[in-house]
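Structure assessment
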Amino acid sequence: MRVGILGPLQVAGARVGGARVRALLVRLALDPGRVVPADRLIDDLWPDEPPAHPAAALQSLVSRARREAPGVIGSHPAGYLLDVPPGEVDAWAFEQLVRDGEAHRALALWRGPALADAADLPFAAGPAVRLEELRLTALATRIAHDLSTAGPALEGLVAELEGLAAAHPLREPFHALLMRALSAVGRRGEALAVFERIRAALDDELGADPGPELREAHLEALREPPAASRGNLPAQVTSFVGRDGDVARLRALLGGGTRLVTLTGAGGAGKTRLALEAAGGVVAPGGVWLVELASADGVRAAVESVLRTSDPAAALRGAGALIVLDNCEHVVEEAARVAGRLLAEVADLRILATSREPLDIPGETVHPVPPLPEAQAVELFAARAAAARPGLRVEPERAAWICRELDGIPLAIELAAARLRTMPVPLLVEQLGDRLALRGGRTAEPRHRTLRAVIDWSWNLLSDAERELLRGLTVFSGGATYDAIARVCGGGLDLLSSLVDKSLVAVSGDRYTMLETIRQYAAADLPELRRAHALHYTELAERAEPHLRTGAQFAWLAVLDAEHGNLEAALRHAEDPLRLILPLLWPWIMRARLREIREQAAAVLARVGDVPPPGRELAHGLCRMPAGEPASEAVRGSDHPAALNFWAMGAVLGTPDDVVALTERGAERLRDHPDPWVRSAALLVAGLVRFEYGAVAGAEDLLEPALEGFRGTGDRWGQWAASYWLSLAAENRGDFAAAVALTETPGVAGSPGLPGLEEVALGPMSYLLRLGQLKCRAGDLAGAAGALARAQEAAERSRDPEPLARVLHARAELARRGGDPAEARRLLEAALALDVEASPQFRALLQVELARVAEPGRPLRVALELMAGCSDRTVRATVLEGVAGHLEPAPAAELLGAARALRGIAEPADPYVTALAARCREVLGAAGFEAAMERGAARPDPERHALGSLAYR
């Protein structure tokens, strides 16, 4: 947990002092991720007598809290928020776990009285009471679970419950549990005395009678205890790991009136182990009877054998028994008949069945048993690995990878962990490619000796048609819709549903999926189906591509994302891969999957060769461009989105002038194109190329109509791209407020369904970093601090020093602008200490910033030297403007003139540059200032001249 309020306040990695600061963090932690208005915070933190200047006092308190707990508090125009995911606040996680029935895990978070650091403030009273009530509820749930499985530890539970009953004399659940515990250890008289005591207390204090739970516990204490020999559940020799929620649900169902529950799931999913764990905690006066059907001659005969009677119904009637019918799948018809008859004839009988398909009889509740979630799978692997080789520690990341490779199947995980007795972890990892051969111990049943044997058991129960369809499904990757399956494989819905019922195929949303283990087992050489699969997904990509340039792009991108695995598989197996890759290039570009483009294009070219097949010239030419080859005639004359994008990327060989000329000709050629999207895209490409290659002044004239055009087509991606480049142009002019507004354009950045700027081109960290820098320069220091705090969290998670260095640089600029040059210098020195292999542009900007808070000579010289040969005109201009601030008016004015020429603008809006120019003009006079500006603009190598000026400084 990052923030803890279940006890004294805890903030990970921080020591927070001061009662008011701690109370502030506690208050914000009650609503993690939500803005708490400033007025509400003032009322809550100063309930009796607010300070003379409440807003200032609150801001000062927040500033102190931020210093002591960096990156935790975010700002908003209306107030402040705890900028932490709810799941990282222990109180929120506690409530979730209690609701999910995970009482043990919930109580592990409790460290003392909730909200202890705000106990004397009124705002904490209600939440503290509610959390304490949840704690008591969770405590009762935990004890009820422990009571069902405690065995010899029951006396300890009795002692605990006696203390709780004394502390809460009117709380019925604790008294009911105490009665059950006393009865379980043979102290029935004391249990009856507890009932009389709580009954009298309820009557005296509340005028109420005991509730159902107490009355049921009273009846249980009055009954004769069941004979110790009732039931035949085997004692388990290994610990039960995970699935606490499943156990709780099953016990609740069987204890709450449900008479037939069937556990379904694939072979090896742990159905039997779960059934035994759940059944062991069910109150069944007539005993819990395990009937194993895996090797039985018949279901009825197996039941009679276990119960030692030829009339099971007569023997069970009135006993209140629970029967576990295990492994029903190979005798499912008879199992259904026998279970149905017994339930009809024995009113108080309950049945818990395990099967790879439901019994499908009235009254049945099906409880699917899926593979283990990753955390529980890793826990199981660690436990079994430790048993196989004591002292062995497997890195959590490696264990998680192994469990994912094994589909989270408990049996597979246990078989793999057992192999660690004889081999190191790296060798086990190599063996997972042949997972079907993983072998169990000597006492394992034959059908559980290997994963292959587990699936053999299911495979042998299939019809020929079911086997054929299951083989066919292996051509899909990542699942498939029913329409795709019907077109590629045929088979019909009934047949597919039968495979779902038999736990060999699963349904997830609108898709049918298959575990990789089952895919490996059923895979076969199916060339005809491979061709049908490739054709289907080629046609799907072709159908989707035009919609990606409209307002429907969200829905179609979702379709393509869902089919990502199938599209890749189709591209590998397609007889005409150039046909398929053509419609895939644009969605890859939209998702910024540039590495995928390069790799897939190279793979396609390796298959088709250097000469394009007839009719595939455009696709062939586009595949050559990611490797830096020149645009072919087919590409130069195309209006395909990918062709326009490759112009923008400069993916042609030649000088910058060549790139500008190509895009200018292309934009002119497409200016009157009948498709408004193509016209907008051509303007976008021409505009961004102008900006990148120096014709900055005219870039916005092209980008603004491009943005309007994309709005007309509904293309959110196009709107994002145009807004992004317009924001760069505004930043170049020094209009940082406009750049912020364009970066945060509603409906573009962060659009639902289509990742915004932060997800498409820059990544979350880079987006937040850019936003923080722009807000800082626009004067929104609080907004900048919030964005940069989140950027630093993302950078630290990446474990890459370069993003962290960039964030530290941005935070240093924020500290300087906020009046704290010492903090700025500290941050810059920390960034330099990371010693990253970053671009010359970034390293130069880092030195320029350092020069503003430290001795400037050396940093400025380093920055100018780094700009030698640099083609980034805007960074060169920024460096020259930074150097100019440290020079005398005449050379400073020359550098400002050179920077203005590089930016391609008439007058900058940047307040720093404007103020510096005004100081120079005041000293040099208007004419002298303009002459110096013109000299600087005419210099071919202003950085060299600036180095000379520094030498005389």
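Refer to the structure printed above.
Below is a summary of the structure that appears in this document.

Calculation criteria
Residues numbered from 1 in each chain as written. Predicted model: local features only at pLDDT ≥ 70, side-chain atom pairs only at ≥ 80, totals over all residues. Heavy atoms only, no water. Helix = DSSP H or I, 4+ residues; strand = E, 2+ residues; numbered from the N terminus. Buried < 20%, exposed > 50% of the residue type's maximum accessible area, 1.4 Å probe, protein only. Lys, Arg positive; Asp, Glu negative; His and termini not counted. Salt bridge = Lys/Arg side-chain N within 4 Å of Asp/Glu carboxyl O. Polar contact = N/O pair within 3.5 Å; in protein donor to acceptor, adjacent residues only side chain to side chain. Contact = heavy atoms within 4.5 Å. Core = buried A, V, L, I, M, F, W, Y, C linked by side-chain atoms within 4.5 Å. Axes fitted to C-alpha atoms, helices over the stretch in contact; angles between N-to-C directions. Parallel < 35°, antiparallel > 145°, perpendicular 65-115°, else oblique. Left-handed = near helix turned anticlockwise from the far one by under 90°. Nonpolar A, V, L, I, M, F, W, Y, C, P; charged D, E, K, R; others polar. Pairing = 2+ DSSP bridges. Expected span 1.5 Å × (residues − 1). Patch = residues over 30% accessible without salt bridge, like charges linked within 9 Å, V, L, I, M, F, W, Y side chains within 5 Å. Areas by Shrake-Rupley, 256 points an atom, 1.4 Å probe, with all protein chains shown as cover. Charge placed at Lys NZ, Arg CZ, Asp CG, Glu CD. Phe/Tyr/Trp six-rings, centres within 6.5 Å; stacked < 30°, edge-to-face > 60°. Lys NZ or Arg CZ within 6 Å of the ring centre and 35° of its normal.

1. Thoughts on the side chain of E364
For E364, the position within the fold is in strand β10 (residues 364-368). Buried within the structure, E364 lacks any salt-bridge partner; its nearest side chain of opposite charge belongs to R249, at an N-O separation of 11 Å. A polar atom in the side chain of E364 sits 2.5 Å from the side chain of T262. From its side chain, E364 meets the backbone nitrogen of L359 in a polar contact 2.8 Å long. Non-local contacts of E364, meaning those with residues more than four positions away in its chain, are made with L260, T262, P358 and L359.

2. A word on the nonpolar core
The biggest cluster of nonpolar side chains holds 85 residues, and the ones touching the most others in it are L470, L473, F476 and L684. Per element, the largest residue contribution to this core is eleven residues, and it comes from helix α34 (residues 676-692). Ranked by size, the runner-up nonpolar core spans 72 residues in total, among them L58, A138, A181 and A191.

3. Some thoughts on the packing of helix α41 (residues 801-817) against helix α43 (residues 840-851)
Interaxial distance between α41 and α43 falls to 11 Å at its minimum, and their mutual angle equals 30 degrees. Overall, the two elements α41 and α43 adopt an arrangement that is roughly parallel. Note that α41 runs across α43; the crossing there is left-handed. On α43, the residues that touch A805, R806, H809, A812, E813 and R816 of α41 are F842, L845, L846 and E849. Of the residues that constitute the contact of α41 with α43, the class distribution is five nonpolar, one polar and four charged.

4. A word on the sheet that holds strand β12 (residues 506-508)
Read across the sheet, three strands follow the order β11-β13-β12 without closing on themselves; strand pairing throughout is antiparallel. The open sheet is flanked by β11 (480-481) and β12, the only strands paired with a single partner. Summarising the sheet, β12 and strand β13 (residues 511-513) pair through three bridges and their orientation is antiparallel. Along β13, the bridge assignment pairs S508 with R511.

5. Focus on α41
With 17 residues, α41 should reach 24 Å at 1.5 Å per residue; the first-to-last C-alpha distance of 25 Å fits that figure. Residues of α41 that are buried: P803, L804, A805, V807, L808, H809, A810, A812, E813, L814 and A815. Of the residues flanking the end of α41, it is G819, one or two places downstream, whose phi is positive at about 90 degrees.

6. A word on a negative patch on the surface
Negative charge collects at one region of the surface, where D203, D204, E205 and D209 lie side by side. The exposure class assigned to D204 is exposed, which follows from its relative accessible area of 62%.

7. A few points about the pattern of salt bridges
According to the stated counting rule, one finds 55 salt bridges in the structure shown. Residue R64 is joined to E68 by a salt bridge in which the shortest nitrogen-to-oxygen separation is 3.0 Å. Of this pair, R64 and E68 both sit in helix α3 (residues 54-68), four residues apart, which is roughly one turn of the helix. For the salt bridge of E160 with R142, the shortest nitrogen-to-oxygen distance reads 2.5 Å. Linking E160 in helix α7 (residues 154-167) with R142 in helix α6 (residues 122-149), this pair joins segments that are 18 residues apart in sequence. A relative accessible area of 28% places E160 in the partly exposed class. A residue is classified by how much of its surface remains accessible, and R142, at 14% relative accessible area, is buried.

8. What about the sheet that holds strand β5 (residues 79-82)?
Across a sheet, strands are paired by hydrogen bonds formed along the backbone, either parallel or antiparallel in direction. An order of β3-β5-β4 is seen for the three strands of this open sheet, with the pairing classed as antiparallel. Strand pairing shows two members of the sheet lacking a second neighbour, β3 (36-37) and β4 (73-76), which therefore form its edges. Pairing of β3 with β5 involves two bridges; the strand directions are antiparallel. Counterpart to P37 in the pairing with β5 is G79. Lying over the sheet, helix α1 (residues 19-29) contacts β3, β4 and β5, oriented at roughly 80 degrees with respect to β5. Each of β4 and β5 touches α3; the most contacted strand, β4, lies at about 145 degrees to it.

9. Examining the environment of R939
On the secondary structure map, R939 appears in the loop between α47 (911-938) and α48 (942-951). Contact partners of R939, with chain neighbours within four places excluded, come to E894 and H945.

10. What to know about the packing of aromatic side chains
Between two aromatic rings, the relevant description is the distance of the centres plus the angle of the planes. With the rule as written, the count across this model stands at ten aromatic pairs. Among the aromatic residues, those joined into a cluster by ring pairs are W586, W677, F691, F710, W717, W720, Y724 and W725. Cation over ring: R171 sits above F174, and NZ or CZ is 5.8 Å from the ring centre. The ring of W677 carries the charged tip of R549 above its face, separated from the ring centre by 5.3 Å.

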